Each structure stands twice: as C-alpha cells, then as structure tokens.
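Structural features, examined
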Amino acid sequence: MRQKIAAANWKMNLTYQQAEKLLEELIATPHELKENHLAIFAVPFPYLQLANSKLGGKKNVFVAAQNCYSKKSGAYTGEVSVEMLTSMNIQYVILGHSERREYFNESNQLLADKINICLENNIRPIFCCGEPLNIREANTQNDFVGKQLQESLYHLSAEQLQQIVIAYEPIWAIGTGKTASSEQAQEMHAFIRQQLAAKYGNDVAENISILYGGSVKGSNAAELFSQKDVDGGLVGGASLNAGEFVTIINSLK
Ligand code: 13P
C-alpha cells in the first residue's frame, strides 16, 4: 500500500527555543497516524538532534534534513554529508527544493549525484520538482517537470526508485498563499505517475508517494489529499504551527 505522508519543511525558521516549543506543542496535540501514514519533520541541521530526542522512536514519525552534500566527506567547509546524517539516525532528506535550485544553483545533474549518495547510504530522498509561473502560463509544465524527473531520477534502477518520495511543488504556489487547485495538483501528479509507469512499469509507479507542496494549510489539505494521485503534502509555512500541521496530518487519506 502506498505511503501517505505529511512532511513539514521548517526551512530557515525558528530559534532553538522556538523549535523546542513547537516540538513540544506537536507532541501534545492529538494526531492520528494510520498504518500507512507517515509524519516527517525536516528541520534545520542544528535542530536535528533536538527533534530526534523529542520525536525519535514514535511510530511512523521521522526526522529529516533539508539538504545534504553530494560528496562522501572531506574539505567542503560548511557542508553536511550523508554519513553524518545516517550516523544520527536520519532516514530522509529533502533534495532539489526550488529554493535550493534558485538560490544555490542546484542543477538536475548535481541532484542526481546527491540522490545517488543518499541511496548508497540508505537515506530516502524527498525529491522536489515543479515549474515556475512563466512555464505554467505557457502551459509547458509537463515538459518542464518531465525533464527534472528524467535528468535526476531516470538513471536509477526500479528498486532504487522505490526509495524515493516525490514532491510536486509548483513554484508559483510556494509561500504565496496561492494553492494549486486540487484539479491542477491531480493533473500533474497523474502525469508524474504516468511518466514513472512508462519508464519503470505500473507496479513501481503505483507504489511511489507523490506529495503536493505549495501553500498547503489545515483548511485545504483534506481537499488536496482527496485526489487519487496526491499522497500527502510537503508543507512550509503551516508546518510552523502545531495545530495547523496536526490538522494536515489528520487530513491524510
Ligand atoms: P509553503 O507551504 O510555505 O507554501 O511552502 C511550501 C514548500 O516550499 C515546502 O517545501
């Protein structure tokens, strides 16, 4: 059965004390994770240990990193290796977020390298894709997202691909309050799944979780998650509020 996932991306927000308070509020807010439901918290690097100590060991709850480097180790000042993450029991990492592609020039090729080193070390990438506004306005979003998938993922074997979670995040919907309609989300998710099916076969494609990201909130999560190919959300702003995020967790189908 496909996993349904509510993933929080805190991005570069919160002080240590605020992070601690939010984690405590999250623990104290009742939420329901069914057998195939996961909650993943992608926190800033300095808070990984804190998040692990508060959430680690809870059923179907995982702490994630927001990035990692493509090299194993060495003289790369300021970077964080996959081995560092796995040695802290981190099992997921967000890769290819549009903010990293835009502000840190991350290319599809670099992301392919990052995905490889993650998979070699048994850490599961949450691979982000999605188009900017001008591409959506030109109605060429399928070609754009198709190329992101092709250049970063299609070198993987079917077995490797099944370790990946995909997050479709249209850039025009991130942090703008302008959510894609559930029809727009479903249309792109179905396209992504079709592409994966064409390359890897139906059984593989049916097992991949495809999350939607871009202004997901407590008030729109249930409608988005009711779509056949929308397997949950990758949530920025609303994940910084315990009540909102728990509503999103409880909206998983
Ligand atoms: P918002 O939920 O703040 O729009 O951010 C989405 C996102 O970028 C999650 O990775």
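This report concerns the structure included in the present document. These figures come from a predicted structure and were not determined experimentally.

About the criteria used
- Here, residues in each chain are numbered from 1, in the same order as that chain's written sequence.
- Per-residue local features of the predicted model are confined to residues with pLDDT of at least 70, and side-chain atom pairs are confined, for both listing and counting, to 80 or more; whole-chain, interface and lining totals are unaffected and use all residues.
- Just so you know, side-chain values use all the structure's heavy atoms and leave hydrogens and water out.
- The helix and strand labels rest on DSSP assignments: H or I over at least four residues marks a helix, E over at least two residues marks a strand, and numbering proceeds from the N terminus.
- Working rule for helices: expected span equals 1.5 Å times residues minus one.
- Relative accessibility thresholds used throughout: buried, under 20% of the residue-type maximum; exposed, over 50%; partly exposed, between the two (1.4 Å probe, protein chains only).
- Buriedness for pockets is judged along seven lines, at least five of which must meet protein on both sides within 12 Å for an open set on the 1 Å grid over protein atoms alone, while cavities are sets there where a 1.4 Å probe fits but cannot get out, and lining residues have an atom within 4 Å of a point.
- Grid points are joined across faces, edges and corners, and a volume is the space filled by probe spheres set on the points.
- Only Asp, Glu, Lys and Arg are considered charged, only Ala, Val, Leu, Ile, Met, Phe, Trp, Tyr, Cys and Pro nonpolar, and every remaining residue, Gly among them, polar.
- Here, nonpolar core refers to any group of buried Ala, Val, Leu, Ile, Met, Phe, Trp, Tyr and Cys residues whose side-chain atoms link them within 4.5 Å.
- Here, two residues are considered to be in contact whenever any of their heavy atoms come within 4.5 Å of each other.

Some words on helix α5 (residues 108-120)
A rise of 1.5 Å per residue sets the reference length of α5, with its 13 residues, at 18 Å; its end C-alpha atoms lie 18 Å apart and thus fit the reference within 8%. Restricting attention to buried positions, one finds in α5 the residues Asn 108, Leu 111, Ala 112, Lys 114, Ile 115, Ile 117, Cys 118 and Leu 119. Of the residues one or two after α5, Asn 122 is the one with positive phi, at around 55 degrees.

Details of the layout of surface pockets
In this structure, the largest pocket spans a volume of roughly 490 Å³. Lining the largest pocket are 17 residues, and of these Lys 11, Met 12, Gln 66, Arg 100 and Phe 104 sit closest to its centre. Among the elements that take part in the lining of the largest pocket, helix α4 (residues 98-103) stands out by supplying 3 residues, more than any other. Looking at side-chain class alone, the lining of the largest pocket contains 8 nonpolar, 5 polar and 4 charged residues. Of the volumes computed, that of the second largest pocket is approximately 210 Å³. Forming the walls of the second largest pocket are 17 residues, and the residues nearest its centre are Lys 11, Gly 175, Ser 215, Gly 236 and Gly 237. Split by residue class, the lining of the second largest pocket holds 6 nonpolar, 8 polar and 3 charged.

Thoughts on the nonpolar core
Ranked by size, the top nonpolar core spans 71 residues in total, and within it Leu 153, Ile 166 and Ile 192 carry the most contacts. Considering every element that reaches this core, the biggest residue donor is helix α9 (residues 182-200), with 7 residues. Among all residues touching Ile 192, those that are not within four sequence positions of it are Cys 129, Val 145, Leu 149, Ile 166, Tyr 168 and Ile 210. Leu 38, Ala 64, Ile 94 and Leu 211 belong to the second largest nonpolar core, which has 14 residues in total.

With respect to unusual backbone geometry
In this structure, Asn 89 is a non-glycine residue whose phi angle is positive, near 65 degrees. When its relative accessible area of 59% is taken as the criterion, Asn 89 is described as exposed. A positive phi angle is found at Asn 122, which is not glycine, with a value near 55 degrees. Relative to the assigned elements, Asn 122 resides in the loop between α5 and β5 (124-129).

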